[in-house]
Amino acid sequence: MRITNNMMIQNTISNINNNLVKLSKLQAQASSQKKLEVPSDDPVAAVKSLKVTSYKVNIQQYQENAEAANSWMSYSDSALSQIGDILATIREETVEAANGTLTDDDLEGIGTEITELKNSIIEVANTSYAGRSIFAGYQTDEAPFAEVATTIGDQVTYNGKYLSLGGVAAVSVADSDLISFYTDNMDKISGQAELSSATFGELTAASPELDFSVTLNGVSQTISLADGTDYDIDAMVDRLQNQLDAAFPASSEQPDSLVKVSQDEGKIVLTVQDGSSIAINSGTLDVSCLGFADGQNSSTGDTQTIKYRVGSDSSVTVNAEGSDIIGEGEDGLFNTLAKLELALSGETQYKSVSYDASVGVTVETHDLDLSGLLSDLDEGINRVLSVRADLGARTNYVQKTQTRLEDNELTYTEILSKNDDVDLAEVSIDLSSAQAGYQAALAAGAKVIQNSLLDYLT
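Explain the overall build of the chain to me, please; I cannot follow it from the model alone.
Summing up its helical and strand segments, the chain has 9 helices and 16 strands in all. A buried classification covers 40% of the 458 residues belonging to the chain. Taking the contacts inside the chain whose residues are at least 6 apart along the sequence as the reference set, 66% of them involve residues at least 24 apart. With an accessible surface of roughly 24,400 Å², the chain has 48% of that area assigned to carbon and sulfur atoms.

Honestly, the pattern of salt bridges in this entry has me stumped. Any pointers?
Should the charged atoms of two oppositely charged side chains come close, the side chains can pair. Overall, the coordinates contain 7 salt bridges when judged by the stated rule. K118 is paired through a salt bridge with E341; the nearest N and O atoms lie 3.4 Å apart. Residue K118 is found in helix α3 (residues 104-125), and its partner E341 is found in helix α7 (residues 333-344); the two are separated by 223 residues along the sequence. Accessibility expressed as a relative area gives 6% for K118, which makes it buried. When salt bridges with common partners are traced through the structure, they connect K118, E147 and E341 into a single cluster.

Looking at this model, I keep getting lost on the packing of aromatic side chains. Mind explaining?
When we look at a pair of aromatic rings, we describe it by the centre distance and by the angle of the planes. Throughout the structure, instances matching the rule amount to 7 aromatic pairs. Aromatic pair Y75 and Y129: ring centres 5.0 Å apart, planes at 50 degrees, arrangement tilted. With a gap of 54 residues between them, Y75 in helix α2 (residues 43-97) and Y129 in strand β1 (residues 128-129) connect regions that are remote in the sequence. Note on Y75: relative accessible area 42%, which makes it partly exposed. With a centroid separation of 5.0 Å and 45 degrees between ring planes, the pair formed by F145 and Y158 is classed as tilted. You can see F145 sitting in strand β3 (residues 145-150) and its partner Y158 sitting in strand β4 (residues 153-158), a full 13 residues away along the chain.

Which parts of the structure should I look at to understand helix α4 (residues 175-184)?
Count 3.6 residues to each turn of an α-helix, and residues three or four apart come out pointing the same way. Every buried residue of α4 is listed here: L178, F181 and Y182. The buried residues of α4 all sit within an arc of 95 degrees when viewed along its axis, so they share a single face.

Help me understand the sheet that holds strand β5 (residues 161-162) in this model?
Pairing between the strands of a sheet comes from backbone hydrogen bonds, and it takes one of two forms, parallel or antiparallel. The antiparallel open sheet is built from 3 strands, whose spatial order is β3-β4-β5. The open sheet has two free edges, formed respectively by β3 and β5, since each of these has just one partner strand. Relative to β4, β3 runs antiparallel, the two being bridged by 6 bridges. From the neighbouring strand, T150 faces β4, where its bridge partner is G153.

I tried to follow a negative patch on the surface on my own but got confused; where do I start?
A cluster of like negative charges, contributed by E96, D104, D105, D106, E108 and E113, occupies part of the molecular surface. Ranked by residues supplied to the negative patch, first place goes to α3 with 5 residues. Checked against the element boundaries, D104 lands in helix α3.

Looking at this structure, how should I read the side chain of K351?
By the secondary structure assignment, K351 is in strand β15 (residues 349-356). By relative accessible area, which is 11% here, K351 ends up buried. At a separation of 3.2 Å, a polar atom in the side chain of K351 contacts the main-chain carbonyl oxygen of V171. Within the structure, K351 has its side chain in polar contact with the side chain of D175 (distance 2.7 Å). The residues touching K351, leaving out its near neighbours within four places in the chain, are G167, V168, A169, A170, V171, V173, A174, D175, L178, V363, E364 and T365.

Hey, could you run me through the nonpolar core in this one?
Formed by 65 residues in total, the largest nonpolar core has its most connected members in I90, I121, F145 and F334. If one sorts the elements of this core by residue count, α2 sits on top with 13 residues. If we ignore the near neighbours within four places in the chain, the residues touching F145 are I122, A125, N126, V156, T157, Y158, L163, G322, S323, I326 and F334.

Would you explain the layout of surface pockets in this entry?
To find leftover empty space, a probe the size of one water molecule is rolled over the atoms. In this structure, the second largest pocket occupies an estimated 350 Å³ of space. For the second largest pocket, the lining is made up of 24 residues, of which D154, Q155, V168, A338 and E341 are closest to its centre. Every element with two or more residues in the lining of the second largest pocket is listed here: β4, β6 (169-170) and α7. Top contributing element to the lining of the second largest pocket by residue count: α7, with 7 residues. In terms of residue class, the lining of the second largest pocket is made up of 13 nonpolar, 7 polar and 4 charged.

Is there a simple way to explain the packing of α3 against α7 in this structure?
Any two packed helices are characterised by the angle at which their axes cross and by the distance between the axes. Running from N to C, α3 and α7 point in directions that differ by 160 degrees, and their axes come no closer than 8 Å. The pairing of α3 with α7 is recorded here as roughly antiparallel in orientation. Handedness of the α3/α7 crossing: left-handed. For the pair α3 and α7, contact is made by L107, E108, I110, G111, I114, T115, K118, I121 and I122 and by L333, F334, L337, L340, E341 and L344, respectively. For the contact of α3 with α7, a count of residues per class yields 10 nonpolar, 2 polar and 3 charged.

Looking at this structure, I do not really get the environment of V387. What am I missing?
One can find V387 in helix α8 (residues 370-420). Spatially, the C-alpha atom of V387 lies 8.3 Å from that of L80, the residues being 307 residues apart in sequence. Look past the residues within four positions of V387 in its chain and what remains in contact with it is L80, A320, D324 and I325.

I keep staring at the environment of L374 and nothing clicks. Help me out?
With respect to the helices and strands, the residue L374 is situated in helix α8. Sequence-wise, L374 and T94 are 280 residues apart; in three dimensions their C-alpha atoms are separated by 7.2 Å. With residues near it in sequence (within four places) discarded, L374 still touches R91, T94 and V95.

What should I look at first to understand helix α5 (residues 233-247) in this one?
The end-to-end C-alpha distance of α5 is 21 Å, a good match for the 21 Å that 15 residues give at a rise of 1.5 Å each. For α5, the set of buried residues is M236, V237, L240, Q241, L244 and A247. In a view along the axis of α5, the buried residues occupy a sector of 135 degrees, so they form one face of it. Opposite the packed face of α5, turned more than 90 degrees from it, sit the exposed residues N242 and A246.

About the thresholds
Residues numbered from 1 in each chain as written. Predicted model: local features only at pLDDT ≥ 70, side-chain atom pairs only at ≥ 80, totals over all residues. Heavy atoms only, no water. Helix = DSSP H or I, 4+ residues; strand = E, 2+ residues; numbered from the N terminus. Buried < 20%, exposed > 50% of the residue type's maximum accessible area, 1.4 Å probe, protein only. Contact = heavy atoms within 4.5 Å. Areas by Shrake-Rupley, 256 points an atom, 1.4 Å probe, with all protein chains shown as cover. Salt bridge = Lys/Arg side-chain N within 4 Å of Asp/Glu carboxyl O. Phe/Tyr/Trp six-rings, centres within 6.5 Å; stacked < 30°, edge-to-face > 60°. Arc of directions from axis to C-beta. Pairing = 2+ DSSP bridges. Patch = residues over 30% accessible without salt bridge, like charges linked within 9 Å, V, L, I, M, F, W, Y side chains within 5 Å. Lys, Arg positive; Asp, Glu negative; His and termini not counted. Charge placed at Lys NZ, Arg CZ, Asp CG, Glu CD. Polar contact = N/O pair within 3.5 Å; in protein donor to acceptor, adjacent residues only side chain to side chain. Core = buried A, V, L, I, M, F, W, Y, C linked by side-chain atoms within 4.5 Å. 1 Å grid on protein atoms, 1.4 Å probe; cavity = no way out; pocket = protein on both sides within 12 Å on 5 of 7 lines; lining within 4 Å. Points joined across faces, edges and corners; volume = space filled by probe spheres on them. Nonpolar A, V, L, I, M, F, W, Y, C, P; charged D, E, K, R; others polar. Axes fitted to C-alpha atoms, helices over the stretch in contact; angles between N-to-C directions. Parallel < 35°, antiparallel > 145°, perpendicular 65-115°, else oblique. Left-handed = near helix turned anticlockwise from the far one by under 90°. Expected span 1.5 Å × (residues − 1).

In structure tokens form, the structure reads like this:
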């Protein structure tokens with residue numbers, strides 16, 4: 001009989017504890033509003049929750065990226081709009097100056113205003129977003145555009161390189177100064193690619209005298225080959241290798257040749273190590289044999305795109321490069337403005353430098369005509385509009401992506417809610433039932449467990 005009573009007491013205590021555990025779990029669910037307190041509550045639901053939460057976190061990161069991309073492009077579009085407005089003003093002033101009714105003082109005044117507007121373009125083109133220059137390509141920590149004083153007059157640079165190496169220069173500038181400036185700065189042309197190799201075409205069996213400059217990491221050396229020597233391609237490779245090894249000697253830190261010469265299907269290839277750059281500036285070498293223009297590292301573009309990832313397999317380019325907006329070379333915007341400033345100051349001609357393989361570097365003189373400059377200004381305006389149009393298309397893509405990401409986040413939030421969140425009404429009912437059951441268990445237990453120590457002392 002005593003054993004039976006002990007079993008009843010143990011069963012009663014176990015039931016009371018089970019009711020207490022159930023009550024405690026329901027109270028936790030009611031307070032946290034979550035089904036799962038620990039993964040063991042429902043392993044399958046816990047795994048699903050982890051996966052969906054991971055998806056949602058990724059989407060939130062893409063949303064942040066998309067917002068940053070949208071802001072960057074918004075700043076860019078605003079800056080381009082300002083540049084467009086400035087160019088419209090310059091065009092209006094040019095039309096007024098070209099009508100032939102203004103005095104020299106009036107033209108000089110317009111010229112002064114256009115100089116100030118040019119400075120405003122440079123200022124706007126150096127716009128930054130979150131401390132990063134938006135039109136500087138990869139060099140976002142510095143203002144990309146600057147006007148610098150040179151021996152041929154003020155010139156505009158982009159990321160430290162000249163947008164136009166050949167001038168516009170006043171006719172008062174000496175030809176020798178123009179040629180010297182051109183040849184001394186051939187490695188500082190905006191748009192040069194920094195590639196590891198340069199290729200020039202097949203040479204004749206009987207080689208003419210070759211005299212050209214190789215620039216390795218900013219150091220230039222002249223390479224010369226004798227006239228009339230018979231070379232097959234392999235012999236030419238060996239001769240050039242010896243010449244380049246002498247011009248750019250190896251060191252104990254780098255015992256291999258700094259410039260390695262090889263041939264590929266009749267073309268001689270000069271290759272340098274990773275991180276180095278090579279350029280060829282012609283002397284008597286016909287640059288038409290080169291795979292790139294004289295004075296440049298390569299005809300291959302050096303586009304510097306900054307991309308933000310806005311999806312698991314999608315990204316968007318957020319930047320527009322300043323050189324694409326302003327233009328490079330003879331037809332660039334700042335060349336047009338330089339011509340305009342000269343014309344408004346009373347000049348009727350300007351100088352520029354050109355290069356021809358058979359002639360070399362020469363100075364050319366051109367006539368100035370205010371009316372003729374209107375088409376050049378229109379080209380600059382259209383260039384800005386074209387960049388804005390491309391930027392607008394990318395902005396639309398990002399905004400549509402943002403809408404899609406918001407929908408995806410909402411979907412995953414709903415999935416998580418169904419998987420993790422409790423039904424408050426159901427939990428409230430279950431909690432009331434559990435509380436009643438616990439109280440009933442306590443009451444039943446009080447009747448079962450009635451004996452005390454005094455009952456066993458008789």
